[in-house]
Amino acid sequence: MLGSGCAFGQGDTVAQTDQTPADPQIALAQPLPRVGRLIVVSIPDRKLVLVEDGAAKRVYPVAVGKASTPSPAGQFTIVRQVSNPTYSHRGKVVAPGPKNPVGSRWMGLSAKGYGIHGTNEPDSIGKAASHGCIRMGKADLEELYTLVQVGDAVEIHAQHDAAVTMALGEAMPIPTT
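Just so we're clear, the structure is a prediction, and the values are computed from it rather than from any experiment. (Residues numbered from 1 in each chain as written. Predicted model: local features only at pLDDT ≥ 70, side-chain atom pairs only at ≥ 80, totals over all residues. Heavy atoms only, no water.)

**Side note on the overall build of the chain**
A tally of helices and strands in the chain yields two helices and 13 strands. Residue burial in the chain is summarised as follows: out of 177 residues, 45% are buried. Contacts in the chain between residues far apart in sequence, at least 24 positions, make up 64% of those at least 6 positions apart. Accessible surface, the chain: about 8,900 Å² in total, of which carbon and sulfur atoms supply 54%. (Helix = DSSP H or I, 4+ residues; strand = E, 2+ residues; numbered from the N terminus. Buried < 20%, exposed > 50% of the residue type's maximum accessible area, 1.4 Å probe, protein only. Contact = heavy atoms within 4.5 Å. Areas by Shrake-Rupley, 256 points an atom, 1.4 Å probe, with all protein chains shown as cover.)

**Focus on the pairing of strand E2 (residues 37-42)**
Judged by how many residues are buried, E2 sits mostly within the fold: five of six residues are covered. Examined bridge by bridge, E2 and strand E3 (residues 47-52) share six bridges and lie antiparallel to one another. Considered in E3, the bridge of Val 41 is made with Leu 48. Linking two consecutive strands that pair antiparallel, namely E2 and E3, is a turn of four residues; a positive phi of about 55° is found at Arg 46 within it. Note: E2 against strand E13 (residues 153-157), five bridges, orientation parallel. Note that in E13 the partner of Ile 39 across the bridge is Val 154. (Pairing = 2+ DSSP bridges.)

**Observations concerning the pairing of strand E9 (residues 105-109)**
Of all five residues in E9, five are buried; the element is thus mostly enclosed. Burial along E9 is two-sided: the face carrying Arg 105, Met 107 and Leu 109 and the face carrying Trp 106 and Gly 108 are both buried. Strand direction decides the pairing type here: strand E6 (residues 74-83) and E9, joined by five bridges, are antiparallel. Each bridged residue has a counterpart across the sheet, and for Gln 81 the counterpart in E9 is Met 107. Relative to strand E10 (residues 115-117), E9 runs antiparallel, the two being bridged by three bridges. Looking across to E10, one finds that Trp 106 is bridged to His 117.

Right under this line is the structure:
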């Protein structure tokens, strides 16, 4: 049985069924833009925040990469969206459905082989369990998929830094002197 995998190797694919890939140019995101949409992922908090016009609109629990296959930290963009993807790994093809390790939606990132997707292992949400991708629960994934589009910025943070604090709407600590 295939586990929920990412960090695709040679020959691994997610087949596209309903949208055309955009230009895979990386558009660097600025932290919490005043206008527009940004996805902020906090690896240590295991949360994904959808930020629109500088305000957090949704916060979702996610699974992130495990220690041996960590999620990439950095600034990326969504380069394609696929509804009901077909997943291929080492010559084995998994059709859309409950056994598909990437679930019902795939949002491919500009970091080749990485994406935001569902899972056939829902108990992994909230844990460091993936092969580097960001996994979401089915209902959360399907909601997010309708709220974002190709070209949207994605920031993955390896630490709970000021940008994550702002995205989560937390109070900034007052410096002590």
